[in-house]
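Coordinate inspection notes
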Amino acid sequence: MKTRALTADVEIPYLGFGTYLIADDEAAAAVGEAIRAGYRHIDTAEGYQNESGVGAGIRQALTSEGLQRSDLFVTTKLWPGNPAWGQPAKTIESTVASLDASLERLELDYVDLYLIHAPFERDQRLAQWRGLVELQQKGKARAIGVSNFSAKHIEELKTAGLPTPDANQIELHPWSQKPDLVRYLNDNEVTPIAYSSLVPLSTWRTAEGQDSAKTDQMKADGEQADALFKVMAEKCGVSEAQILLRWAVQQGYPVLPKSTNPERIRKNADIFGFSLDHEDMAAIEKMDRGDGVAWPMGDPTKAP
Ligand code: NDP
């Protein structure tokens with residue numbers, strides 16, 4: 001399994017399995033399918049309400065595949081709470097308690113990566129980051145990071161004299177390449193992890209009940225975009241989804257494709273046996289449209 005260094009002693013596999021919008025009672029089967037297909041990195045979150053199912057899938061697959069806990073890389077995320085949405089903001093104490101509750105649901109002793117799911121208010125961010133630092137010191141999270149943070153948010157942590165996050169999980173795909181933020185992350189040794197890699201596909205979150213505010217626009221755009229990705233996919237003898245995932249990995253970003261379809265789960269994992277040539281990478285570089293659709297960073301309060 002190809003990995004990228006996250007800290008001096010923690011490696012993150014490039015291929016991860018996303019679980020957003022997988023119901024708790026379907027998560028064990030999907031995670032089991034993914035581990036059998038070779039995924040060794042699983043991404044969940046307190047906010048996905050599926051940690052119990054994800055944990056059950058992990059345990060079953062460890063037994064059936066003869067793997068050790070240390071063979072897997074598991075990420076979960078703190079839901080920070082947002083007073084603007086009527087939710088109490090988590091404090092240092094409730095942050096620490098939140099990971100304990102996640103570990104209980106996952107039935108794990110530690111996670112490999114714990115992230116603050118999103119930035120809301122400044123005081124809250126600093127308190128929560130202090131909570132994550134404490135959790136790492138206690139050995140409950142091997143690495144710690146953030147998600148949907150801008151460079152400004154990370155600078156605030158540094159200015160407060162706190163450690164720099166090990167990773168920032170953000171929406172990254174050919175339509176939202178965020179070159180300035182990625183440069184900042186790489187310069188500061190913060191690993192960018194790509195989520196929603198498959199946004200340009202016309203099939204992205206179109207299943208019943210999984211649509212986002214942008215689904216109709218994405219579907220129309222995806223149908224138009226098919227032509228270019230189709231040409232690249234035919235050239236490499238792979239699917240368009242594999243092209244999108246391979247692009248991210250070539251940029252140095254771990255990816256987290258989500259699927260509940262066993263055939264897609266298997267194909268999405270097959271991204272290390274081919275590569276995009278310079279011409280295709282250059283063509284994709286020109287496709288950037290700016291802000292993302294899953295979590296527009298220009299206005300994080302508009303998150304889904
Ligand atoms: P993805 O980019 O993984 O796309 C998933 C969608 O694409 C689903 O509708 C899936 O449908 C479809 N799909 C999957 N594989 C294929 C394929 N080979 N061909 C055609 N369609 C396909 O989207 P996500 O938004 O789920 O992002 C991935 C993961 O990143 C999440 O699951 C989550 O773990 C993480 N994430 C983190 C966020 C954050 O704020 N930190 C925000 C959003 C995501 P089907 O299941 O039917 O195959």
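Going by the structure above, here's the rest.
In this report, the structure presented in the accompanying data block is examined. (Residues numbered from 1 in each chain as written. Predicted model: local features only at pLDDT ≥ 70, side-chain atom pairs only at ≥ 80, totals over all residues. Heavy atoms only, no water.)

1. Overview of the pattern of salt bridges
For the structure shown, the criterion picks out 15 salt bridges. Between Asp 277 and Lys 235 there is a salt bridge, with the nearest N and O atoms lying 3.1 Å from each other. Taken together, the residues Asp 277 in the loop between helix H9 (262-268) and helix H10 (278-285) and Lys 235 in helix H7 (residues 215-236) connect sequence positions 42 residues apart. Looking at Asp 277, the relative accessible area reads 31%, which means it is partly exposed. According to the relative accessible area criterion, Lys 235 is partly exposed, its value standing at 47%. The closest approach of N and O atoms between Asp 280 and Lys 235, which form a salt bridge, is 3.1 Å. Of this pair, Asp 280 sits in helix H10 while Lys 235 sits in helix H7, placing them 45 residues apart in sequence. Within the structure, one salt-bridge network assembled from shared partners comprises Glu 33, Arg 36 and Arg 266. (Salt bridge = Lys/Arg side-chain N within 4 Å of Asp/Glu carboxyl O. Helix = DSSP H or I, 4+ residues; strand = E, 2+ residues; numbered from the N terminus. Buried < 20%, exposed > 50% of the residue type's maximum accessible area, 1.4 Å probe, protein only.)

2. Here's the deal with the sheet that holds strand S5 (residues 73-78)
Taken together, 7 strands build an open sheet; the order of strands is S3-S4-S5-S6-S7-S8-S9 and the sheet is parallel. Here the strands that pair on one side only, and so sit at the sheet edges, are strand S3 (17-18) and strand S9 (191-195). Pairing geometry for strand S7 (residues 141-147) and strand S8 (residues 167-171), over 2 bridges, is parallel. Bridge assignment links Ser 147 to a residue of S8, and that residue is Gln 169. Sitting on the sheet, helix H3 (residues 92-106) touches S5, strand S6 (111-116) and S7, and the angle it makes with S6 is about 135°. (Pairing = 2+ DSSP bridges. Contact = heavy atoms within 4.5 Å. Axes fitted to C-alpha atoms, helices over the stretch in contact; angles between N-to-C directions.)

3. A few points about helix H8 (residues 240-251)
For H8, spanning 12 residues, the distance from its first C-alpha to its last is 17 Å, which sits close to the expected 16 Å at 1.5 Å a residue. Within H8, 10 of the 12 residues are buried, leaving the element largely enclosed by the surrounding structure. If you check which residues of H8 are buried, you get Glu 240, Ala 241, Gln 242, Ile 243, Leu 244, Leu 245, Arg 246, Trp 247, Ala 248 and Val 249. Positive backbone phi, approximately 95°, marks Gly 252, located one or two places after H8. (Expected span 1.5 Å × (residues − 1).)

4. Quick word on the packing of aromatic side chains
Here the structure, examined in full by the defined rule, presents 6 aromatic pairs. Ring centres 5.4 Å apart and planes at 75° place the aromatic pair Phe 17 and Tyr 39 in the edge-to-face group. Of this pair, Phe 17 sits in strand S3 while Tyr 39 sits in the loop between helix H1 (24-36) and strand S4 (41-43); the two residues are 22 residues apart in sequence, bridging distant segments of the chain. In this pair, the class of Phe 17 matches that of Tyr 39, namely buried. Residues Tyr 20 and Tyr 48 carry aromatic rings whose centres are separated by 5.0 Å and whose planes lie at 45° to one another, so their mutual orientation is tilted. Residue Tyr 20 is found in the loop between S3 and H1, and its partner Tyr 48 is found in the loop between S4 and helix H2 (51-65); the two are separated by 28 residues along the sequence. (Phe/Tyr/Trp six-rings, centres within 6.5 Å; stacked < 30°, edge-to-face > 60°.)

5. Section: the pairing of S8
Extensive coverage of S8 is indicated by the burial of 5 of its 5 residues. Handedness of the β-α-β unit built from S7, helix H5 (residues 151-159) and S8 comes out right-handed. The pairing of S8 with S9 spans 5 bridges and is classified as parallel. Counted as the bridge partner of Ile 170 is Ala 194 from S9. With helix H6 (residues 179-187) bridging S8 and its parallel neighbour S9, the resulting β-α-β unit is right-handed. (Right-handed = clockwise from strand over helix to strand, strands pointing away.)

6. Some thoughts on the site of the ligand
With respect to spatial proximity, 26 residues lie near the ligand, and among them Asp 43, Ser 196, Lys 258, Ser 259 and Arg 264 are the closest. The side chain of Tyr 48 places a nitrogen or oxygen atom 3.4 Å from a nitrogen atom of the ligand. Ser 197 is positioned with one of its backbone polar atoms (N or O) 3.2 Å from an oxygen atom of the ligand. Each residue belonging to the shell around the ligand can be placed in one class, and the counts come to 9 nonpolar, 12 polar and 5 charged. (Near = heavy atom within 4 Å. Polar contact = N/O pair within 3.5 Å; in protein donor to acceptor, adjacent residues only side chain to side chain. Nonpolar A, V, L, I, M, F, W, Y, C, P; charged D, E, K, R; others polar.)

7. Describing the nonpolar core
In this structure, Phe 17, Leu 113 and Trp 129 are the most contacted members of the largest nonpolar core, which totals 91 residues. In terms of residue count, H8 provides more of this core than any other element does, 7 residues in total. Setting aside anything within four residues of it in sequence, one finds Phe 17 in contact with Ile 22, Ala 30, Val 31, Ala 34, Tyr 39, His 41, Ile 42, Asp 43, Leu 256, Pro 257, Ser 259 and Ile 265. (Core = buried A, V, L, I, M, F, W, Y, C linked by side-chain atoms within 4.5 Å.)

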